[in-house]
Amino acid sequence: MTRLTARALIAVVFWPCLFFFWFLGPFVLFLLSTTSGEVCPLLETRAQFLAAANGTLPMLVVQNLIYAVPVVCLVLWNRLSPEPARARHVATCIKLFAVAVVIGAVWEYGSSLTCDGYGQPFFSPAWQMTSYLPIVSLLINIPLYILVFSLGRAYSTRDDITEDGVVHSSRDNA
């Protein structure tokens with residue numbers, strides 16, 4: 001299998017995952033991963049709130065594994081076409097993604113724990129501060145999305161075609 005074919009296959013996975021999971025998925029997965037507002041009034045003890053919040057953890061793990069697919073594609077592309085400048089950008093993407101995952105998990109877990117305000121008497125007021133984490137997450141995710149999109153575009157664009165349209169097959173057949 002040539003590198004060009006492998007890069008094309010990675011692109012087939014990368015672009016749908018990027019647009020569906022990263023741009024549409026947060027809305028769907030956030031609704032699935034937090035304790036619903038209908039359940040909150042039924043919870044009466046600290047143990048019940050902890051059980052409901054801890055019940056969201058498997059969904060958070062699945063969500064973050066799904067979100068990691070575009071970053072894994074970038075790593076695979078970088079292994080196929082190593083370039084020091086791009087490798088630094090991929091490393092930056094990995095770091096930003098790790099920070100975004102942690103902030104997102106704390107936000108979603110915290111919002112499940114406080115259960116839209118019903119759990120405030122049971123837990124530290126610090127959990128209420130998780131309501132500000134979407135702003136921090138947005139400040140991290142915007143550069144992450146831009147960097148991942150630009151790297152994906154650079155990696156999935158054929159670099160064996162010159163500006164005059166001539167294909168140089170010897171460049172990519174390693």
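Structure first, text after, so check above.
A quick note: this is a predicted structure, and the numbers were derived from the prediction, not measured.

### Notes on the side chain of Asn78
At step 1: Structurally, Asn78 can be placed in helix α4 (residues 69–80).
At step 2: For Asn78, a relative accessible area of 17% translates into the label buried.

### Some remarks on the nonpolar core
At step 1: Residues Phe14, Trp22, Leu74 and Val148 are the most contacted members of the largest nonpolar core, which totals 20 residues.
At step 2: Those elements that place two or more of their residues in this core are α1 (3–33), α4, α5 (84–114) and α6 (133–156).
At step 3: For this core, the leading source of residues is α1, giving six residues.

### Focus on the packing of α4 against α6
At step 1: Where α4 contacts α6, the two axes come as close as 10 Å, and the packing angle between them is 40°. One element, α4, and the other, α6, form an angle in the oblique class. In this structure, α4 crosses over α6, and the sense of that crossing is left-handed. Contacts from Pro70, Leu74, Trp77 and Asn78 in α4 reach Val148, Leu151, Gly152, Tyr155 and Ser156 in α6.
At step 2: Looking at the contact of α4 with α6 residue by residue, the classes come out as six nonpolar, three polar and no charged.

### Description of the packing of aromatic side chains
At step 1: One pass over the full model with this rule turns up six aromatic pairs.
At step 2: Judged by centre distance (5.4 Å) and plane angle (75°), the rings of Trp15 and Phe149 are edge-to-face. Pair noted here: Trp15 is in helix α1 and Phe149 is in helix α6, with a separation of 134 residues, a long-range link.
At step 3: Under the relative-accessibility criterion, Phe149 is labelled partly exposed at 35%.
At step 4: Aromatic side chains Trp77 and Tyr155 sit 5.7 Å apart centroid to centroid with 20° between the ring planes, which places their arrangement in the stacked category.

### Side note on the environment of Trp15
At step 1: Residues Trp15 and Gly152, 137 residues apart in the sequence, show an inter-C-alpha distance of 7.9 Å.
At step 2: Apart from residues no more than four positions distant in its own chain, Trp15 is found in contact with Phe149, Gly152, Arg153 and Ser156.

Criteria and cut-off values
- Residues numbered from 1 in each chain as written.
- Predicted model: local features only at pLDDT ≥ 70, side-chain atom pairs only at ≥ 80, totals over all residues.
- Heavy atoms only, no water.
- Helix = DSSP H or I, 4+ residues; strand = E, 2+ residues; numbered from the N terminus.
- Buried < 20%, exposed > 50% of the residue type's maximum accessible area, 1.4 Å probe, protein only.
- Core = buried A, V, L, I, M, F, W, Y, C linked by side-chain atoms within 4.5 Å.
- Axes fitted to C-alpha atoms, helices over the stretch in contact; angles between N-to-C directions.
- Parallel < 35°, antiparallel > 145°, perpendicular 65-115°, else oblique.
- Left-handed = near helix turned anticlockwise from the far one by under 90°.
- Contact = heavy atoms within 4.5 Å.
- Nonpolar A, V, L, I, M, F, W, Y, C, P; charged D, E, K, R; others polar.
- Phe/Tyr/Trp six-rings, centres within 6.5 Å; stacked < 30°, edge-to-face > 60°.

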